[in-house]
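Structure at a glance
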Amino acid sequence: MAIHLNRSLFAVISLTLFLLSLPSPSHAVPTEFLSVPSSVFSTAVKTAIDQVGQTLSLLSQFASNFGDSRLSHAVDDCVDLLDFSNDELTWTLSDADGGSNGKGNGTGNSAADLKTWLSAALGNQDTCLDGFDGTDGNVKSLVAGSLQTLTGTVSELLGMVRQGPSRGSSGGPPPWIKPGERRLLQAPLSGVTPDVTVAADGSGDFTSVKDAVIAAPDYNMRRYVIYIKRGVYRENVEIKKKKWNLMMVGDGMGITVISSNRNFVDGWTTFRSATFAVSGRGFIARDMTFENTAGPEKHQAVALRSDSDLSAFYRCGIHGYQDTLYAHSLRQFYRECSITGTVDFIFGNGAVVFQNCLIRARKPLPNQKNTITAQGRKDPNQNTGFSIQYCNVSADADLLTSQNSTLTYLGRPWKEYSRTVFMQSYFGGVIRPEGWLEWNGDFALNTLYYGEYMNFGPGSSLGSRVKWPGFHQMNESTQASNYTVSQFIDGNLWLPATGVRYTSGLMV
């Protein structure tokens, strides 16, 4: 463990120095986006980066022989998460100083980009601490102080960034997407020429998805397409943060399947349990399925985890039970996907829009309650939340045919400023009349933001909804517009480059 962590620390420092050495354009973040002078902001970001390094140094002191696999996984999680924070802070610093790294990673809307990166950097430390649940707590106690210091610094930084206006359809796609690649990505599936092919029967370049990912170029500035032929690939796949601009294309939802069964009961952290995890920027997946088959009795078991900024999932199946989809951080878009689960099965703290998706609650353990969402916004300045538009929210076949009396809710507040809205979606009769569920007593009921706008179907009646201060029956389109693709995730600036269909605003 000590060697592994020291190498990770070296890699973080080396990458930071490399990125900061990139040439700078002549423009910096406009001062109107900051409530303090840019020099004060930059100094605070550098302080946060130093704190990341100090915390990694502290973690590097621990030996690998814990005799506890869950503890080992938790420490590994913290290293990866701090590595994410280091990158997000480095992008922030480069953008604030007018450097090319921040601009190259974002949409060009500096206010939104800074809010996004700092929101992610703020949440990573909580995920690190969450991973120590179920351990003896000694290591957690040793690192908690450093993590809390870092969290405080990032929270202050986030408060220094003003929320800028959405750029709507102005601007252009991310600068790493070239015009020729946009044409490729907008072509039908039959017209996409892959860089490599994965086939379980040996007819491709690789027989496993993992090997194809490892072989993909690092820090790639063009789209790299991996075609995965039909079949069930029983493996855990992780696309590391250095794998930029990967696109995975399968033969269809339920036809190309990546499947595994890691779970909390068997010693994995929730973060590490993912069948498929991606953190490299600009990821796209089309026409495939990610599943975790651990079952409800194994509790937390993630099928898909994404920390990929400006990522899109199109016609994908995401299937599991508790904690199916971990939309952990940054800007994400899901279109025409099928998502199933039981407890908190869409969770995390990304800024995420779901459109035209089929979201189905499954049969949980006896006496469990189904909650579709558990959004993890912890600070009012974070630009994160879940927006669920034009979706079908209903019961899966196993829940419909069971004789139990499972209670199913739209969501519950995982963190203090949890934010989720459902707009112009169909609710089946499986949704309870009160709509939403408490997490623990009155926790977050005053500070959360839960909204419903023009939904329909037997579960959509607002007459018996919760009376919490944080619940909103949105009657005006001006309220709902804040949670559309164009405004909530600046989608008009980057989604056209993906070739994924989307609706920019509200249906009228």
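Heads up: the structure comes first, above all this text.
Everything in this summary refers to the structure shown in the same document. (Residues numbered from 1 in each chain as written. Predicted model: local features only at pLDDT ≥ 70, side-chain atom pairs only at ≥ 80, totals over all residues. Heavy atoms only, no water.)

The next thing to look at is the overall build of the chain. Along the chain, the regular secondary structure elements total eleven helices and 24 strands. For the chain, buried positions account for 61% of its 508 residues. The contacts in the chain between residues at least 6 apart in sequence include a share of 73% that link residues at least 24 apart. (Helix = DSSP H or I, 4+ residues; strand = E, 2+ residues; numbered from the N terminus. Buried < 20%, exposed > 50% of the residue type's maximum accessible area, 1.4 Å probe, protein only. Contact = heavy atoms within 4.5 Å.)

Judged by nonpolar contacts, the single largest core of 56 residues is most densely connected at Ile 226, Met 248, Phe 276, Phe 290, Phe 313, Tyr 334 and Phe 354. Sequence-distant contacts of Phe 276, defined by excluding residues within four places in its chain, comprise Val 237, Ile 239, Met 248, Ile 258, Phe 283, Phe 290, Ala 303, Leu 304 and Arg 305. Listed in part, the 50 residues of the second largest apolar core include Leu 56, Cys 78, Leu 81 and Ala 120. (Core = buried A, V, L, I, M, F, W, Y, C linked by side-chain atoms within 4.5 Å.)

Right, let's talk about the sheet that holds strand S11 (residues 325-327) for a bit. Read from one edge to the other, the open sheet built from seven strands follows the order S4-S7-S9-S11-S14-S17-S20, with strand pairing classed as parallel. Each of the sheet's edge strands pairs with one partner strand only, and the pair in question is strand S4 (237-239) and strand S20 (408-411). With direction set aside, neighbouring strand axes in the sheet form an average angle of 10 degrees. (Pairing = 2+ DSSP bridges. Axes fitted to C-alpha atoms, helices over the stretch in contact; angles between N-to-C directions.)

This part is about the side chain of Thr 340. Along the polypeptide, Thr 340 turns up in strand S13 (residues 338-341). Accessibility expressed as a relative area gives 1% for Thr 340, which makes it buried.

Throughout the structure, instances matching the rule amount to one disulfide. Two residues, Cys 78 and Cys 128, share a disulfide whose sulfurs are 1.9 Å apart. Here Cys 78 and Cys 128 share a disulfide; its torsion about the S-S bond, 90 degrees, makes the bridge right-handed. A residue pair is termed long-range when its members are at least 10 positions apart, and Cys 78 in helix H3 (residues 69-96) and Cys 128 in helix H5 (residues 110-130) qualify at 50 residues. (Disulfide = S-S within 2.5 Å.)

This paragraph deals with empty space enclosed by the protein. In this structure the tally under the stated criterion is three cavities of 30 Å³ or more. Taken as a whole, the second largest cavity spans an internal volume of roughly 130 Å³. Lining the second largest cavity are 16 residues; nearest its centre among them are Gly 123, Thr 127, His 328, Asn 349 and Gly 376. If you tally residues by element for the lining of the second largest cavity, the top one is H5, at seven residues. Across the lining of the second largest cavity, the residue classes tally to three nonpolar, nine polar and four charged. (1 Å grid on protein atoms, 1.4 Å probe; cavity = no way out; pocket = protein on both sides within 12 Å on 5 of 7 lines; lining within 4 Å. Points joined across faces, edges and corners; volume = space filled by probe spheres on them. Nonpolar A, V, L, I, M, F, W, Y, C, P; charged D, E, K, R; others polar.)

This part covers unusual backbone geometry. Here the phi dihedral of Leu 330 falls at roughly 70 degrees; this positive angle occurs in a residue that is not glycine. Looking at where Leu 330 falls in the secondary structure, it is placed in the loop between S11 and strand S12 (331-335).

Position of Glu 235 among the secondary structure elements: in the loop between strand S3 (231-234) and S4. When the C-alpha positions of Glu 235 and Ser 208 are compared, they lie 7.9 Å apart, and in sequence the two are 27 residues distant. In this view, Glu 235 contacts Ser 208, Val 209, Lys 210, Ile 258, Ser 259, Ser 260 and Thr 275; residues no more than four positions away in its chain are not counted. Engagement of the side chain of Glu 235 in a polar contact is seen with the backbone nitrogen of Lys 210, the distance being 3.0 Å. (Polar contact = N/O pair within 3.5 Å; in protein donor to acceptor, adjacent residues only side chain to side chain.)

Our focus in this paragraph is the packing of aromatic side chains. Per the counting criterion, the structure on display carries 20 aromatic pairs. Taking the centre distance of 4.1 Å and the plane angle of 15 degrees together, the rings of Tyr 326 and Phe 347 count as stacked. With Tyr 326 in strand S11 and Phe 347 in strand S14 (residues 343-348), this pair connects stretches of sequence that are 21 residues apart. The exposure class of Tyr 326 is buried, given its relative accessible area of 4%. Taking relative accessible area as the criterion, Phe 347 reaches 4% and is therefore assigned buried. The ring of Phe 271 carries Arg 305 above its face, with NZ or CZ at 3.6 Å from the centroid. (Phe/Tyr/Trp six-rings, centres within 6.5 Å; stacked < 30°, edge-to-face > 60°. Lys NZ or Arg CZ within 6 Å of the ring centre and 35° of its normal.)

Right, let's talk about the pattern of salt bridges for a bit. The full count for this structure, using the stated rule, is 26 salt bridges. The closest approach of N and O atoms between Asp 133 and Lys 140, which form a salt bridge, is 3.9 Å. What you see here is one network of salt bridges that share partners, running through Asp 77, Asp 80, Glu 238, Lys 240, Arg 272, Arg 305 and Asp 307. (Salt bridge = Lys/Arg side-chain N within 4 Å of Asp/Glu carboxyl O.)

Function cannot be inferred from these measures alone, as they are strictly geometric.
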